[in-house]
Amino acid sequence: MSDPSVQHQQARPAVPVLHEQRLDEVLGAAPERGRGRYRPHRVGMVWRSRVFRAGAVIVVLALCWLVILALVREQTGPEGFLVGLGLAVLPVPLLMAAFRWLDRVEPGPWRNLLFSFAWGACAAALVAIIANSFATRWIATATADPASADTLGATVIAPVVEESAKAAAVLLIFLFRRREFSGVVDGVVVAGFTATGFAFTENILYLGNAFGEDQLSGSSGFASVTAGTFFVRIVMSPFAHPLFTVLTGLGFGFAAVSARRHRARRIALPLLGLLLAMGLHALWNGSSSFGPYGFYAVYGIVMVPAFGLVTWLAIWSRQRELRTLAAELPAYAAAGWLTPAEPSALSSMRARGMARDLARHWQPDRTRGRAAARAVAEYESFATSLAGLRRRARHGAVGPDFGARERELLHHLWQRREIAAPALAHAALLTARPGARHGRHLPTPYGTGNGYGYANGHGYGTGYGPGHTPGYGHPPGYAPGAYPPPQPYGSAPHSHRRPPS
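Residues numbered from 1 in each chain as written. Predicted model: local features only at pLDDT ≥ 70, side-chain atom pairs only at ≥ 80, totals over all residues. Heavy atoms only, no water.

1. Points about the packing of helix 3 (residues 50–88) against helix 5 (residues 110–143)
Next up, step 1: In contact at an axis separation of 9 Å, helix 3 and helix 5 are set at 50° when each is read in the N-to-C sense. Taken together, the axes of helix 3 and helix 5 are oblique relative to one another. In terms of crossing hand, the pair formed by helix 3 and helix 5 is left-handed. Residues Val57, Leu61, Cys64, Trp65, Val67, Ile68 and Leu71 of helix 3 lie in contact with helix 5, whose contacting residues are Phe115, Ala118, Trp119, Ala121, Cys122, Ala123, Ala125, Leu126 and Ile129.
Next up, step 2: Taken together, the residues that form the contact of helix 3 with helix 5 break down as 16 nonpolar, no polar and no charged. (Axes fitted to C-alpha atoms, helices over the stretch in contact; angles between N-to-C directions. Helix = DSSP H or I, 4+ residues; strand = E, 2+ residues; numbered from the N terminus. Parallel < 35°, antiparallel > 145°, perpendicular 65-115°, else oblique. Left-handed = near helix turned anticlockwise from the far one by under 90°. Contact = heavy atoms within 4.5 Å. Nonpolar A, V, L, I, M, F, W, Y, C, P; charged D, E, K, R; others polar.)

Right, dumping it as structure tokens:
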């Protein structure tokens, strides 16, 4: 009787060669089912528990938020706090949606983004409130000039304290979630969420204080201090704090793609980004001291062009991730891990979205449709991570766990390929130029039979679906039944409906 584990390994394609080195001889086959998760070595006993680590972080951030609530309510009063909270929350969904859009090519886990937002809104904001107040009082006492102390505190102390506190969140994710922090876009998104949380708490304080002043003076309407503060902080400059901290995120992002042998560069780039963030923040805070039109001059000459440049760089980095998919994935398609059409589909956001929709509509009910669409989305995310990993390996920016990480990603792709490959290949044909698909019949992944059976077909080779059905070729050396069908998606029966026209 043959050993099933040996048969299991023989059914898998070889890992593509990188830099003319026989990596498949070093890496071997992908792990067996249930063992495809790479777990790095962890030091310490208590911190091995994810529940303990998550609980400790939540408790610390919750305590910080409770202290902030007490401090803000003491300064603004209950009514001022509620007004500030209601107005400060308005730009938050828009900013979060913008940063999440940048992250659509390789979406990072929500736990990192929620941690970043909570760190900015709770921990960083608390540090800033306490440190700025203490520094301003100390300067006022030392110089006996409260007016100059406020100006000096806002221009010098606040940028250093606030940007350092926000940069701590980016540093923590860079160090402890290194596999999920792989490039410039990740740095921009993490920094943006952190700064959005910080600005949210700061706006509550400023708008609440402004409302309190209006209550004392009896002002209301467009001439009130609340309306002016809302216009400056929410309408004109909701991107101010995100712009400052994104400069720090860019430094960490460029450090993430730098070769490991360039240790000095990997340390200097984040520090340079932090210094630029502090400098731009100081210029913004000090603009009111440049005369009656100083604020507008800094806003138009510095802030808007800087915002445009950083936005262009973030979008360019996003497009670069798509170009990396088109450049790196054909090696895995040639080795048999992907179908020939998948690299082009995965490098197009339109085709990726269409593939998720096709997988959803090909299922007989809504529950299975959601599961199929989720499988395709996970497949796209793993493929993006695989392409980025291979690119970083070419530039020497990966560690000794490269082989284990590559095997893990290939394992996850293989588990979901039976659902994702037909949808992606179909989407690639639907989004191709009209001349490229002239005379070619669009494949119907589900054919005329039940499920994904293997039979002779035409199209990309031996096809999915029984009978003579257009299909998608399986990897060389594949033995039907040698590798178990994907779970949990492969166990559900599939629909035979064509996608909607």
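2. Focus on the confidence of the model for the chain
Next up, step 1: Mean pLDDT over the chain stands at 78; residues scoring 70 or higher make up 77%.
Next up, step 2: pLDDT under 50 marks residues 1–10. Its contacts with residues more than four places away, or in other chains, come to 10 contacts.
Next up, step 3: In the predicted structure, residues 446–501 sits below a pLDDT of 50 and forms 140 contacts with residues beyond four places in sequence or in another chain. (pLDDT = per-residue confidence, 0-100.)

3. Overview of the environment of Gly86
Next up, step 1: Summarising the element assignment, Gly86 is placed in helix 3.
Next up, step 2: Here Gly86 falls in the partly exposed class, since its relative accessible area comes to 38%.
Next up, step 3: Considered as a pair, Gly86 and Leu207 are 121 residues apart in the sequence and their alpha carbons are 9.6 Å apart. (Buried < 20%, exposed > 50% of the residue type's maximum accessible area, 1.4 Å probe, protein only.)

4. Details of the pattern of salt bridges
Next up, step 1: Under the defined criterion, the tally for this structure stands at 15 salt bridges.
Next up, step 2: Here Arg356 and Glu380 are joined by a salt bridge, their closest N and O atoms 2.7 Å apart. Note that Arg356 is positioned in helix 13 (residues 349–361) and Glu380 in helix 14 (residues 366–394), a separation of 24 residues in sequence.
Next up, step 3: For Arg356, a relative accessible area of 22% translates into the label partly exposed. (Salt bridge = Lys/Arg side-chain N within 4 Å of Asp/Glu carboxyl O.)

5. Things to note about the packing of aromatic side chains
Next up, step 1: By the definition in use, this model includes 13 aromatic pairs.
Next up, step 2: On the basis of an interplanar angle of 80° and a centroid distance of 6.2 Å, the ring pair of Trp110 and Phe193 is categorised as edge-to-face. You can see Trp110 sitting in helix 5 and its partner Phe193 sitting in helix 7 (residues 184–217), a full 83 residues away along the chain.
Next up, step 3: Under the relative-accessibility criterion, Trp110 is labelled partly exposed at 41%.
Next up, step 4: With a relative accessible area of 0%, Phe193 lands in the buried category.
Next up, step 5: Plain terms: the ring middles of Phe295 and Tyr296 are 5.3 Å apart, the flat faces sit at 80° to each other, and that makes the pair edge-to-face.
Next up, step 6: Using a relative accessible area of 53% as the deciding quantity, one classes Tyr296 as exposed.
Next up, step 7: Pairwise contacts between aromatic rings join Trp284, Phe295, Tyr296 and Tyr299 into one cluster.
Next up, step 8: Directly above the aromatic system of Tyr206 lies the positively charged group of Arg233, at a separation of 4.2 Å from the ring centroid.
Next up, step 9: Sitting over the ring of Trp414, Arg417 keeps its end group 5.0 Å from the ring centre. (Phe/Tyr/Trp six-rings, centres within 6.5 Å; stacked < 30°, edge-to-face > 60°. Lys NZ or Arg CZ within 6 Å of the ring centre and 35° of its normal.)

6. A short note on the packing of helix 13 against helix 15 (residues 402–431)
The description of two helices packed together rests on the angle between their axes and the distance between the axes.
Next up, step 1: Between helix 13 and helix 15, the shortest axis-to-axis distance is 8 Å and the interhelical angle comes to 125°. Viewed along their axes, helix 13 and helix 15 adopt a mutual orientation that is oblique. When you trace helix 13 past helix 15, the crossing you get is right-handed. Counted together, Arg350, Ala351, Met354, Ala355, Leu358 and Ala359 of helix 13 and Ala423, Leu424, His426, Ala427, Leu430 and Thr431 of helix 15 form the full contact between these two elements.
Next up, step 2: Class assignment of the residues belonging to the contact of helix 13 with helix 15 gives a composition of nine nonpolar, two polar and one charged.

7. Structural notes on the side chain of Asp186
Next up, step 1: Among the secondary structure elements, Asp186 is positioned in helix 7.
Next up, step 2: Here Asp186 occupies a buried position and makes no salt bridge, while the nearest side chain of opposite charge, Arg392, is found at 6.7 Å.
Next up, step 3: With residues up to four places along the chain from it excluded, the contact list for Asp186 reads Asp103, Glu180 and Phe181. (Lys, Arg positive; Asp, Glu negative; His and termini not counted.)

8. Quick word on the nonpolar core
Nonpolar side chains in soluble globular proteins generally cluster together in the buried interior.
Next up, step 1: Grouped together as the largest cluster of nonpolar side chains are 63 residues, with contacts concentrated most on Phe181, Val188, Trp284 and Met303.
Next up, step 2: When sequence neighbours within four positions are dropped, the list of residues in contact with Phe181 reads Val170, Ile173, Phe174, Asp186, Gly187, Val190, Phe252, Gly253 and Ala256. (Core = buried A, V, L, I, M, F, W, Y, C linked by side-chain atoms within 4.5 Å.)

9. Considerations on helix 4 (residues 92–102)
Next up, step 1: Within helix 4, burial applies to Val92, Leu95, Met96, Phe99, Arg100 and Leu102. The buried residues of helix 4 all sit within an arc of 155° when viewed along its axis, so they share a single face.
Next up, step 2: For helix 4, the elements touching its buried residues are helix 3, helix 5, helix 7, helix 9 (240–256) and helix 11 (294–335). (Arc of directions from axis to C-beta.)

10. Focus: a nonpolar patch on the surface
Next up, step 1: A contiguous nonpolar surface patch, about 290 Å² in accessible area, is contributed by Val59, Leu63 and Leu66.
Next up, step 2: Relative to the helices and strands, Val59 resides in helix 3.
Next up, step 3: A residue is classified by how much of its surface remains accessible, and Val59, at 48% relative accessible area, is partly exposed. (Patch = residues over 30% accessible without salt bridge, like charges linked within 9 Å, V, L, I, M, F, W, Y side chains within 5 Å. Areas by Shrake-Rupley, 256 points an atom, 1.4 Å probe, with all protein chains shown as cover.)

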